[in-house]
Amino acid sequence: MTNIMVPRVTLLDAHVLDDHISKIFIGQTLKVFKYLPSWILNNYELEINAILQFLMTYYSVTKSKATFGQQMLGIRFKPDQLTDTKLVLFQLFTVGAEYIQSKVESSSNNFVNNISNLQLIVDVLKVSSFLNFLLFLKQGKYPTLTQRFLSLSQESTRKRNIGFTYMTRELLWHGFSELLLFTLPLINYQSLKHKISRVMHFAPCKEDFKERQPLMFPVSVCSICQERPVLPHHLKCSHVFCYYCISSKRMVDEKFECPECHHFEPNVTPVILLNKVNINS
């Protein structure tokens, strides 16, 4: 059978699938350990993760010459390149390196932290992995540093057909979703709501409007929250607002109007409370 060139997107998808499968498997297995004494998981969680990762690699790469993510996408390592020695090194570089990195980054004191210059080695490996990823984008081979070091190429066992219409739709939707994620938090919804409300209602005639001091009655409520006004203020109209209600609205929209009469007044004035008010006068 003629080997089919594996696209970059397929190699990346397989790598992402391997990470997700590993996290799901380890997460589900660790739930079982909650029924055991807590000291087991607290002291040996990294070791348990390493053992589970080793089992996954053994029953995938060693048995089928492909990781679980590769098997789902129909690719595998070339059998003539994956020798017994490379299988051992593959386990050592993937499981062992990840275990040591987790130990180095762990806040607890352990034997790995006592090894000098180990943090520097981990940092160098991270930089090397990033440079390898740049080479992968250019060459389309060896998505991980371990595969490049062991010269493990991949081949397709079946052709992955991706239609042009499907790819176009996915790219357009991806771009549209990014646009929404970046623009939606920047929209002032309260200000937009107030502007729509001003358009829907006719503004009162300024010639007929007369400034007045609102009166406070036992049944008076805030025109915004419909509760008893706290620190009552007004906009030189007959309606009363809580200070916090009208202040919060003005912080959102500087041109906020009275929701009852739609009168606009730039200054918010406190209501003067009188002990006795002659209502009939």
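Residues numbered from 1 in each chain as written. Predicted model: local features only at pLDDT ≥ 70, side-chain atom pairs only at ≥ 80, totals over all residues. Heavy atoms only, no water.

## A word on unusual backbone geometry
A positive phi angle, near 55°, is found at serine 151, a position not held by glycine. You can call serine 151 partly exposed: its relative accessible area is 35%. (Buried < 20%, exposed > 50% of the residue type's maximum accessible area, 1.4 Å probe, protein only.)

## Some words on the nonpolar core
Core analysis: the largest hydrophobic core is formed by nine residues, namely Cys222, Leu235, Cys237, Phe241, Cys242, Cys245, Ile246, Phe256 and Cys258. If you look at the next biggest cluster of nonpolar residues, it comprises seven residues, including Val61, Leu87, Phe90 and Leu152. (Core = buried A, V, L, I, M, F, W, Y, C linked by side-chain atoms within 4.5 Å.)

## Some points on the layout of surface pockets
Here the largest pocket defines a volume of roughly 1500 Å³. Among the elements of the structure, α1 (8-32), α2 (38-64), α3 (68-73), α4 (84-105), α5 (118-139) and α6 (145-150) are those that each provide at least two residues to the lining of the largest pocket. The greatest single-element share of the lining of the largest pocket, amounting to eleven residues, is contributed by α4. Classifying every residue of the lining of the largest pocket by side-chain character gives 25 nonpolar, 18 polar and five charged. Looking at the second largest pocket, its volume works out to about 220 Å³. As for the second largest pocket, its lining consists of twelve residues, of which His194, Ser197, Phe256, Glu257 and Pro259 are closest to the centre. (1 Å grid on protein atoms, 1.4 Å probe; cavity = no way out; pocket = protein on both sides within 12 Å on 5 of 7 lines; lining within 4 Å. Points joined across faces, edges and corners; volume = space filled by probe spheres on them. Helix = DSSP H or I, 4+ residues; strand = E, 2+ residues; numbered from the N terminus. Nonpolar A, V, L, I, M, F, W, Y, C, P; charged D, E, K, R; others polar.)

## Here we look at the packing of aromatic side chains
Enumeration over the complete set of coordinates arrives at eight aromatic pairs. Taking the centre distance of 6.2 Å and the plane angle of 35° together, the rings of phenylalanine 133 and phenylalanine 136 count as tilted. Highlighted residues: phenylalanine 133 and phenylalanine 136, both in helix α5, separated by three residues, approximately one helical turn. Taking 5.8 Å as the distance between ring centres and 40° as the angle between the ring planes, the aromatic pair formed by tryptophan 173 and phenylalanine 176 counts as tilted. In this pair, tryptophan 173 and phenylalanine 176 both sit in helix α7 (residues 164-183), three residues apart, roughly one turn of the helix. For phenylalanine 176, a relative accessible area of 41% puts it in the partly exposed group. (Phe/Tyr/Trp six-rings, centres within 6.5 Å; stacked < 30°, edge-to-face > 60°.)

## Quick word on the packing of α1 against α2
At a minimum axis separation of 10 Å, α1 and α2 run at an interaxial angle of 135°. Taken together, the axis directions place α1 and α2 in an arrangement best described as oblique. Helix-helix and strand crossings are classified by hand; for α1 and α2 the assignment is right-handed. For the pair formed by α1 and α2, the contact residues are Ile21, Ser22, Phe25, Ile26, Thr29 and Leu30 on the first element and Leu41, Glu45, Ile48, Asn49, Leu52, Gln53 and Met56 on the second. Across the contact of α1 with α2, the residue classes tally to eight nonpolar, four polar and one charged. (Axes fitted to C-alpha atoms, helices over the stretch in contact; angles between N-to-C directions. Parallel < 35°, antiparallel > 145°, perpendicular 65-115°, else oblique. Left-handed = near helix turned anticlockwise from the far one by under 90°. Contact = heavy atoms within 4.5 Å.)

## Considering the confidence of the model for the protein chain
With 86% of its residues at a pLDDT of 70 or more, the protein chain shows a mean pLDDT of 80. By mean pLDDT, the top-scoring element of the protein chain is α6 (89), and the lowest-scoring one is helix α8 (residues 189-200) (72). (pLDDT = per-residue confidence, 0-100.)

## What about α4?
Every α-helix winds through 3.6 residues per turn, so residues three or four apart in the chain are directed the same way. For α4, with 22 residues, the first-to-last C-alpha span of 31 Å sits near the 32 Å given by 1.5 Å per residue. For α4, the full list of buried residues reads Leu87, Phe90, Gln91, Val95, Tyr99, Lys103 and Val104. The inward-facing, buried residues of α4 abut α2, β1 (75-77), α5 and α6. (Expected span 1.5 Å × (residues − 1).)

## What to know about the side chain of histidine 233
By the element assignment, histidine 233 lies in strand β3 (residues 233-234). Looking at histidine 233, its side chain comes within polar contact range of the main-chain oxygen of leucine 231, at 2.8 Å. Not counting chain neighbours up to four residues away, the residues in contact with histidine 233 comprise His239, Val240, Phe241, Tyr243, Ile246, Val268, Thr269, Pro270 and Val271. (Polar contact = N/O pair within 3.5 Å; in protein donor to acceptor, adjacent residues only side chain to side chain.)

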